[in-house]
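Residue-level listing of the chains:
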Amino acid sequence: MGSNGAVTELQRNSTNWTNVVDEIVKMEKKIFPKHEPLARSFDEELKKKNSGLLYIQIHGQVVGYVMYAWPTSLSASITKLAVKENYRGQGHGEALLEAAIKKCRTRTVLRITLHVDPFRTPAVNLYKKFGFQVDALIQGYYSADRPAYRMYMDFDSN
């Protein structure tokens, strides 16, 4: 595994599965509020056939990851995207998002959706830069007092 920051897909049968998942769970707990992380169900989520995870590793440590799923043949979703604080603003989030969109597009989906905290301005701006649009503000999405933007990106059916 390189130290150059290339986007890598986590393979279900890889020898580094446990190490990568453990590092991501630690990141989850640090970055997201306590009630929000997928940490408890992370392993189960990743074992589903209709989900995937891409990550960036630099000098042996995971510095960012994106999780995506395609619940139907027509739609996909970005379920998590995170970059360690000291690695933000260096293009890692963009590289991960771009790679996840490409992975979802190989399934010929017509729409990709995601949810994001409206107060995470850098994240909202990143999604908009890639063409995602705000569909709705969902009150109480993360918790009673924390809403989320539901955002989407549509593709031609041609």
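This text follows the structure it describes.
Values in this document were obtained by computation on a predicted structure and should not be read as measured data. (Residues numbered from 1 in each chain as written. Predicted model: local features only at pLDDT ≥ 70, side-chain atom pairs only at ≥ 80, totals over all residues. Heavy atoms only, no water.)

### Some points on the side chain of His92
Applicable threshold: Helix and strand labels come from DSSP, where a helix needs a run of H or I of at least four residues and a strand needs a run of E of at least two; each type is numbered from the N terminus. The cut-offs for exposure are 20% and 50% of the maximum accessible area for each residue type, with area from a 1.4 Å probe on protein chains only; residues under the lower value are buried, those over the upper are exposed, and the others partly exposed. Residues are treated as being in contact if the distance between any of their heavy atoms lies within 4.5 Å.
Relative to the helices and strands, His92 resides in helix α3 (residues 92-105). A relative accessible area of 11% places His92 in the buried class. Contacts of His92, omitting those with residues within four sequence positions, involve Ile56, Ile58, Val83 and Tyr87.

### Let's talk about the pattern of salt bridges
Oppositely charged side chains can form a pair if their charged atoms are brought close together. Threshold: Should a side-chain nitrogen of Lys or Arg be within 4 Å of a carboxyl oxygen of Asp or Glu, the pair is scored as a salt bridge.
According to the stated counting rule, one finds 6 salt bridges in the structure shown. In this structure, the salt-bridge partner of Glu9 is Lys103, at a minimum N-O distance of 2.8 Å. In this pair, Glu9 sits in strand β1 (residues 7-9) while Lys103 sits in helix α3, placing the two residues 94 residues apart along the sequence. Residue classification places Glu9 among the partly exposed residues on the basis of a relative accessible area of 29%. Its salt-bridge partner being Asp135, residue Arg150 comes within 2.8 Å of it at the nearest N-O pair. Here the residue Arg150 occupies a position in strand β7 (residues 146-154), and Asp135 occupies one in strand β6 (residues 133-143), the gap between them amounting to 15 residues.

### A short note on the sheet that holds β6
Our working rule: Between any two strands, at least two bridges found by DSSP are needed for them to pair. The axes are straight lines fitted to the C-alpha atoms, using for helices just the contacting stretch, and the angles between their N-to-C directions are given from 0 to 180°.
Overall, mixed pairing links the 7 strands, which are arranged β1-β2-β3-β4-β5-β7-β6 in an open sheet. Lying at the two open borders of the sheet, with one neighbouring strand each, are β1 and β6. The sheet shows a mean angle of 25 degrees between the axes of neighbouring strands, direction not considered. Examined bridge by bridge, strand β2 (residues 51-58) and strand β3 (residues 61-69) share 8 bridges and lie antiparallel to one another. Each residue of the ladder has a partner; that of Leu54, found in β3, is Val66.

### Observations concerning the nonpolar core
Soluble globular proteins tend to bury their nonpolar side chains together. Put simply, the test is: Here, the term nonpolar core denotes a set of buried Ala, Val, Leu, Ile, Met, Phe, Trp, Tyr and Cys residues that are joined through side-chain atoms within 4.5 Å.
Formed by 28 residues in total, the largest nonpolar core has its most connected members in Ile78, Leu97, Ile112, Tyr127 and Phe132. Of all elements in the fold, only β2, β3, β4 (75-83), α3, β5 (111-116), α4 (121-129) and β7 reach the threshold of two or more residues within this core. Considering every element that reaches this core, the biggest residue donor is α3, with 6 residues. Among all residues touching Ile112, those that are not within four sequence positions of it are Ala76, Ser77, Ile78, Ile101, Cys104, Phe132, Met151, Tyr152, Met153 and Phe155. Residues Val20, Val21, Ile31 and Met67 belong to the second largest nonpolar core, which totals 16 residues.

### A look at the layout of surface pockets
Spelled out, the test is: Put plainly, a pocket is an open set of points on a 1 Å grid over the protein atoms alone with protein on both sides within 12 Å along at least five of seven lines, a cavity is a set where a 1.4 Å probe fits but cannot get out, and a lining residue has an atom within 4 Å of a point. Grid points are joined across faces, edges and corners, and a volume is the space filled by probe spheres set on the points. Gly counts as polar in this scheme, as do all residues outside two lists: the nonpolar Ala, Val, Leu, Ile, Met, Phe, Trp, Tyr, Cys and Pro, and the charged Asp, Glu, Lys and Arg.
Estimated volume of the largest pocket: approximately 930 Å³. As for the largest pocket, its lining consists of 34 residues, of which Phe32, Leu81, Ala82, Ala123 and Tyr127 are closest to the centre. Among the elements that line the lining of the largest pocket, the one with the most residues is β4, at 7 residues. A class-by-class count of the residues in the lining of the largest pocket yields 17 nonpolar, 9 polar and 8 charged. Of the pockets and cavities examined, the second largest pocket occupies roughly 190 Å³. Taken together, Glu23, Lys26, Met27, Lys30, Ile31, Lys84, Glu85, Asn86 and Arg88 form the lining of the second largest pocket. For the lining of the second largest pocket, the per-class residue count stands at 2 nonpolar, 1 polar and 6 charged.

### What to know about the packing of aromatic side chains
Stated formally: When two rings of Phe, Tyr or Trp (its six-membered ring) have centres within 6.5 Å they constitute a pair, described as stacked for plane angles under 30 degrees, edge-to-face for angles over 60, and tilted for the intermediate range. By definition, being over a ring means that NZ of Lys or CZ of Arg is both within 6 Å of the ring centre and within 35 degrees of the ring normal.
For the structure on display, the rule yields 3 aromatic pairs. Aromatic pair Tyr141 and Tyr142: ring centres 4.9 Å apart, planes at 90 degrees, arrangement edge-to-face. Residue Tyr141 is classed as partly exposed on the basis of its relative accessible area of 39%. Since its relative accessible area comes to 17%, Tyr142 is described here as buried. A cation over a ring is seen here: Arg111 above Tyr152, with NZ or CZ 4.1 Å from the ring centre.

Geometric values such as these leave the question of function open.
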